[in-house]
Amino acid sequence: MKIKKRVIPMLAGVLTAVMLTSTASAHPEDYWAGKYIGYEDAKFTLRISRSAQTDFLTSDIYRSARDWNGISSNVRVNVSFVINARTTIDDGINVYGDNLGERLLGYTTPYDSNGKPLDTSIDGLISDWAYADITMNTNSSVFSVASDPKLAAQMTFVHEVGHVLKLTHPFISRGLGGHTIDGKPVAIMNQGFPGDYGGAVSSTITGHDKSCLKAKWGA
Amino acid sequence: MMKKITAIITVLAACALLTACNKSTENFNDFDDIKLVRTGFANRRVFENLAALEDYVDLAVVGKFTGDPEQEERYRYNEFFGKDVLYFVTSTNTIEIEKVLIGDAEIGDTLQIVQDYGIVDGDLVTFSDLTPMQKGDEWLFFLKKESDSDIYFCAGDSDGRFPVPNAENEPMPLSDCPDLGVYDEQNFMWNTYNEILEKYDI
């Protein structure tokens, strides 16, 4: 009887520990090394240019980038809308819009100090970036085939801001169960429309995304 | 009045400069001395199996690239660097259809395909996981037509182009797995490809 009393709390403790590990473990492959040249943290304003503001890509979509706040004390994302061409903001990350056809929903480009796009497969993984910007696809037909086009656009923007925060597309989980579907972490940083891959592509920031952000920038 | 006109002309000229496009045709079938720059982390459509791919595409064909790609570079002014910077580059090429699996097309038809890469300052800058469109290369394409042009693209980028068994394609030294048509095997949809080989006689 005494043994049972001791074993049950112990088992509960072990199970809790396993669950916490499986829901909050960051995968080192899922975020880039390095920071931004001259900065130790990731506190910036997203400068939404006129080209990114359309009838479909509305301000509420861009304001959702603030969902990254409150996870790490070294991460703070503000959003500012460019009213006229003269508006400038120090430490601003530019967000542009362009017609990218129907191939891409949006993308983030990191640059070196000369303004050349960085190779994210090698240099970008290990080096400090000088700058990064986001391009959103203003061709709304690319989102129209999603079950919820607005949600797909919002998810895409939050996903791209995740790249600016140096999070990558998650690799296949290696033995870390609990927060995966068929071995794929449930994350907003997965590519696709919300709900793809049996729900592994999340429309909101998940425990996996948060754990990666904390591992990258600190709690 | 003159001041207003001058101001308008200045603004229009500035706008034109902000989004400048360069078009060029380059023959770059020799990739030995070219640096690969895989950039621009994107969100895009994904197709986790053959059924999803078949539902989405307009055409599925076996085809061969007939020429050298024509590329378009896009630049815009960036306040951080104080100059125009490259932000996107695309290449288009023509394929001649050799076999039709899905869609309204005939053997011998030609069509244009766009991929998001190009040669810029001697580097192969790519926003795509697919290897370049080399003249004479033969692939199996799952294609979607752009809604505002007659140009097609591979559905889901690397989700929509697969090897033709026994095809004799040009060497591609920039890829770890050139036979698969991607730079990195992680981007190759093996499950879908196996479904294709089982379903279609290629």
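Residues numbered from 1 in each chain as written. Chains lettered and ligands numbered in written order. Predicted model: local features only at pLDDT ≥ 70, side-chain atom pairs only at ≥ 80, totals over all residues. Heavy atoms only, no water.

Asker: Could you clarify how one ought to interpret the interface of chain B and chain A in this entry?
Answerer: One widely used convention gives an interface's size as the accessible area the parts lose upon coming together. On the side of chain A, 51 residues touch chain B, which itself brings 38 residues to the contact. Taken together, the two surfaces of chain B and chain A that pack against each other cover about 3800 Å², and 48% of this comes from carbon and sulfur. Per-residue buried area on chain B facing chain A is highest for Phe41(B), Asn43(B) and Arg76(B); these three make up 21% of the total on that side. Taken together, the connections running from chain B to chain A amount to six salt bridges. The salt bridge partner of Arg103(A) is Asp116(B), with a shortest N-O separation of 2.8 Å. Put simply, chain B and chain A have 28 residue pairs in polar contact (both at pLDDT 80 or more) between them. Counting residues per element, the ones that place at least two in the side of chain B that touches chain A are β2 (35–38), β3 (41–43), β5 (70–78) and β6 (83–102) of chain B. The element best represented in the side of chain B that touches chain A is β6(B), accounting for six residues. A breakdown of the residues in the side of chain B that touches chain A according to their chemical character gives 17 nonpolar, seven polar and 14 charged. Where strand β4 (residues 106–111) of chain A meets β3(B), three bridges bridge the pair, whose relative direction is antiparallel. (Contact = heavy atoms within 4.5 Å. Buried area = accessible area lost by both parts, 1.4 Å probe. Salt bridge = Lys/Arg side-chain N within 4 Å of Asp/Glu carboxyl O. Polar contact = N/O pair within 3.5 Å; in protein donor to acceptor, adjacent residues only side chain to side chain. Helix = DSSP H or I, 4+ residues; strand = E, 2+ residues; numbered from the N terminus. Nonpolar A, V, L, I, M, F, W, Y, C, P; charged D, E, K, R; others polar. Pairing = 2+ DSSP bridges.)

Asker: Looking at this structure, I do not really get the confidence of the model for chain A. What am I missing?
Answerer: Segments scoring low in pLDDT should not have their predicted coordinates read at a detailed level. Residues and elements named next belong to chain A. Of all residues in chain A, 79% attain a pLDDT of 70 or more, and the chain-wide mean is 84. Across residues 11–24, confidence stays below pLDDT 50; counting only partners more than four residues off in sequence or on other chains, it has eight contacts. Contacts from residues 173–177, a stretch scored under 50 in pLDDT, to residues over four places away or in other chains number eight contacts. (pLDDT = per-residue confidence, 0-100.)

Asker: Teacher, can you tell me more about the packing of aromatic side chains here?
Answerer: For any pair of aromatic rings, geometry is given as the distance between the ring centres together with the angle between the planes. One pass over the structure, following the stated rule, counts 21 aromatic pairs over all chains. With a centroid separation of 5.3 Å and 20 degrees between ring planes, the pair formed by Tyr107(A) and Phe88(B) is classed as stacked. With Tyr107(A) in strand β4 and Phe88(B) in strand β6, this residue pair bridges two chains. Accessibility classification places Tyr107(A) together with Phe88(B) in one group, the buried group. Among the aromatic side chains, those forming a connected cluster through ring pairs are Phe142(B), Phe162(B), Phe188(B), Trp190(B) and Tyr193(B). (Phe/Tyr/Trp six-rings, centres within 6.5 Å; stacked < 30°, edge-to-face > 60°. Buried < 20%, exposed > 50% of the residue type's maximum accessible area, 1.4 Å probe, protein only.)

Asker: What am I meant to see in the sheet that holds strand β9 (residues 123–126) of chain B here?
Answerer: As a general point, the strands of a sheet are linked pairwise by backbone hydrogen bonds and lie either parallel or antiparallel. Residue and element names in this part refer to chain B. Pairing in this open sheet of three strands is mixed, and the strands run β2-β9-β8 from one edge to the other. Here the strands that pair on one side only, and so sit at the sheet edges, are β2 and β8 (117–120). Sheet twist, expressed as the mean angle between neighbouring strand axes with direction ignored, is 25 degrees. Two elements, β2 and β9, share four bridges in a ladder whose sense is parallel. Looking across to β9, one finds that Val-37 is bridged to Val-125. (Axes fitted to C-alpha atoms, helices over the stretch in contact; angles between N-to-C directions.)

Asker: Please explain the pattern of salt bridges as it appears in this structure.
Answerer: Two side chains of opposite charge can pair, provided their charged atoms sit close to one another. Residues and elements named next belong to chain B. What the rule picks out here adds up to 13 salt bridges over all chains. In this structure, Asp-129 and Arg-38 form a salt bridge, with 3.1 Å as the shortest nitrogen-oxygen distance. Here Asp-129, found in the loop between β9 and β10 (138–145), pairs with Arg-38, found in strand β2; they are 91 residues apart in sequence, far enough to count as distant. Since its relative accessible area comes to 17%, Asp-129 is described here as buried.

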